[in-house]
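Residue-level structural notes
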Amino acid sequence: MTDQWWWNYAMILVAGWIATDIWRWIGVFAGGKLREDGELLIWVRCVATALVAGVIARLILFPSGALAEMPMWLRAASAIIGFAVFSITGQKVVYGVLSGVIVLIAGWFLIGGV
Amino acid sequence: MPSEIEQRDHRETEQVEPQRVWFFRGLRAMVSIPALILTAAFVGYAGMARASGLSLGETLLMSGLVWALPSVVVLTGAITSGLGMIPAAIAVTLASVRLMPMTMALIPVVKDGKKSNKLLLLFASHFVAVTAWVYAMRNLPEMPRHGRLAFFVGFGFGLSSVVTMITGIAYVMVEKMPPLLSASLFILTPIYFLCSLWSAARFNADKTSMVAGLVLGPIFHIYEPELGLLWTGILGGSLAYVATRLAERRFR
């Protein structure tokens, strides 16, 4: 955009900090009126959960950076096997994550990636 | 903020532990496997930030101030591609909508009736991101009300400080990250989110919402890259809510 040294900092403050914290602040005011055992809260939880799940699917299927260079099937396999291991090990997150990463690395060497 | 906490200490009976005890409990609880995974994911981000030409100061500020990895990645992409401030702000805003319902759902759990200070709640809300949220939704309900907010602040503040510092260290130490390592660190986030979100799901409605989001997310992304996430949340969440309610009525 511009070559000014402060430009990126201004971007981080406005397009980063304000753009994310504004949602958290709205959440504080809107959440203050919710009852902990109310139906509305369950719906809000559903929306939040679906949103995070949408982010997860995006990070796997449409990633940025080095992950984008891995084939789509390998990324999907890594996530699916990772989740399967997580499920059968009695929901141990660390095993799920580790096996997902191992699948990605093993798959990359199998298809002859360098 | 400290004066408010001290005042409350004097008001309450002696059996109630002081707020700083709960704050330190939160700090201690932060030393955990999820924190380790999140740290590794941010180390991966440090490599991406350096490769994108961000300075150390910019990387640190972004990690600490935005504090939600997917939004951090979106902003980095926006800065690298030379997007203007308004389009970048719109992109990040749309990518961060999830923080609102997440915070909304957390507030009734974390606050102590009318006693909780609004400013402290606003400060605490900054630490809402998947890791702290999942941990809080799972563990806070078992804690006494008076300690929850201080515990959450301790947990969130500790986590974001440590992770931001380690991101800085990784930025300085890793000059160039091998692509395979970088990709491995980047797959950590979604798999970790996937597992921890599932383990935080308390009701059938939560699990159904998760499946709906996973299916609708990519579909909406293809047809509506910008607003797709928003629709995924509203539509997926509402569908899951209604479906679970109907199923419960039928099987009751």
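All values derive from a computational prediction rather than experimental measurement. (Residues numbered from 1 in each chain as written. Chains lettered and ligands numbered in written order. Predicted model: local features only at pLDDT ≥ 70, side-chain atom pairs only at ≥ 80, totals over all residues. Heavy atoms only, no water.)

On to the overall build of chain A, then. Helices and strands together make up the secondary structure of chain A, namely four helices and zero strands. For chain A, the succession of helices and strands along the chain, N to C, is α-α-α-α. For 114 residues, the compact-globule estimate of 2.2 N^0.38 gives 13 Å, and chain A exceeds it by more than 25% at 20 Å. Counting only C-alpha atoms, chain A reaches 50 × 50 × 20 Å along its principal axes. (Helix = DSSP H or I, 4+ residues; strand = E, 2+ residues; numbered from the N terminus. Rg over C-alpha atoms; globule rule 2.2 N^0.38 Å.)

All names here are of chain B. Ranked by size, the top nonpolar core spans 107 residues in total, and within it Tyr45, Met62, Leu106, Trp133, Leu140 and Phe152 carry the most contacts. When residues in this core are grouped by element, the largest group, 14 residues, is from helix 11 (residues 179-200). Ignoring anything within four residues of it in the chain, the contact list for leucine 106 reads Val128, Trp133, Ala136, Met137, Leu140 and Phe152. (Core = buried A, V, L, I, M, F, W, Y, C linked by side-chain atoms within 4.5 Å. Buried < 20%, exposed > 50% of the residue type's maximum accessible area, 1.4 Å probe, protein only. Contact = heavy atoms within 4.5 Å.)

On to the packing of helix 11 of chain B against helix 12 (residues 204-223) of chain B. All names here are of chain B. The contact between helix 11 and helix 12 brings their axes to 9 Å, and the two run at 155 degrees. Looking at the two axes, helix 11 sits roughly antiparallel to helix 12. Every pair of crossing elements has a handedness; the one defined by helix 11 and helix 12 is right-handed. Contact residues: Leu194, Leu197 and Trp198 in helix 11; Lys207, Met210, Val211 and Leu214 in helix 12. (Axes fitted to C-alpha atoms, helices over the stretch in contact; angles between N-to-C directions. Parallel < 35°, antiparallel > 145°, perpendicular 65-115°, else oblique. Left-handed = near helix turned anticlockwise from the far one by under 90°.)

Let us look at the packing of aromatic side chains. Residues and elements named next belong to chain B. The tally for this structure, following the rule as stated, stands at 13 aromatic pairs over all chains. Taking the centre distance of 5.6 Å and the plane angle of 85 degrees together, the rings of phenylalanine 23 and phenylalanine 24 count as edge-to-face. The exposure class of phenylalanine 23 is partly exposed, given its relative accessible area of 24%. The ring of tryptophan 22 is capped by arginine 25, whose NZ or CZ atom sits 4.5 Å from the centre of that ring. (Phe/Tyr/Trp six-rings, centres within 6.5 Å; stacked < 30°, edge-to-face > 60°. Lys NZ or Arg CZ within 6 Å of the ring centre and 35° of its normal.)

Before going further, it helps to examine the interface of chain A and chain B. Contacts between chain A and chain B engage 73 residues on the former and 95 residues on the latter. For chain A, the biggest contributors to the area lost against chain B are A:Trp23, A:Arg24 and A:Arg45; these three give 11% of the whole. Taken together, chain A and chain B are joined by two salt bridges. Here A:Glu39 and B:Arg245 are joined by a salt bridge, their closest N and O atoms 2.8 Å apart. The interface formed by chain A and chain B contains 16 residue pairs in polar contact (both at pLDDT 80 or more). For the side of chain A that touches chain B, the elements supplying multiple residues, two or more each, are helix 1 (7-31), helix 2 (39-61), helix 3 (72-88) and helix 4 (93-110) of chain A. When residues in the side of chain A that touches chain B are grouped by element, the largest group, 23 residues, is from helix 1 of chain A. (Buried area = accessible area lost by both parts, 1.4 Å probe. Salt bridge = Lys/Arg side-chain N within 4 Å of Asp/Glu carboxyl O. Polar contact = N/O pair within 3.5 Å; in protein donor to acceptor, adjacent residues only side chain to side chain.)

With that out of the way, let us pick up the confidence of the model for chain B. On average, residues of chain B carry a pLDDT of 89, and 94% of them reach 70 or more. For the stretch residues 9-14 of chain B, pLDDT sits under 50, and the model shows three contacts to residues farther than four places along the chain or on other chains. (pLDDT = per-residue confidence, 0-100.)

This next bit is on the pattern of salt bridges. For the structure on display, the rule yields five salt bridges over all chains. The salt bridge partner of B:Asp206 is A:Arg45, with a shortest N-O separation of 2.8 Å. Taken together, the residues B:Asp206 in helix 12 and A:Arg45 in helix 2 connect one chain to another. A residue is classified by how much of its surface remains accessible, and A:Arg45, at 6% relative accessible area, is buried. The residue B:Arg245 makes a salt bridge to B:Glu248 at a minimum N-O spacing of 2.7 Å. One end of the pair is B:Arg245 and the other is B:Glu248, both in helix 13 (residues 228-251) and three residues apart, which spans about a single turn. Overall, the relative accessible area of 22% leaves B:Arg245 in the partly exposed class.

Another aspect to go through is unusual backbone geometry. With a phi angle near 60 degrees, A:Gln91 is a residue other than glycine that sits in the positive phi range. Tracing the chain through its elements places A:Gln91 in the loop between helix 3 and helix 4. According to the relative accessible area criterion, A:Gln91 is partly exposed, its value standing at 36%. Positive phi outside glycine occurs at B:Trp67, with the angle close to 50 degrees. Its place among the elements puts B:Trp67 in the loop between helix 4 (56-66) and helix 5 (69-80).

This next bit is on a nonpolar patch on the surface. Residues and elements named next belong to chain B. Together, Leu56, Leu60, Val162, Met165, Ile166, Ile169, Val172 and Met173 make up a nonpolar patch on the protein surface, roughly 690 Å² of accessible area in all. Within the residue set of the nonpolar patch, elements represented by two or more residues are helix 4 and helix 10 (145-173). In terms of residue count, helix 10 provides more of the nonpolar patch than any other element does, six residues in total. Here leucine 56 is to be found in helix 4. Since its relative accessible area comes to 32%, leucine 56 is described here as partly exposed. (Patch = residues over 30% accessible without salt bridge, like charges linked within 9 Å, V, L, I, M, F, W, Y side chains within 5 Å. Areas by Shrake-Rupley, 256 points an atom, 1.4 Å probe, with all protein chains shown as cover.)

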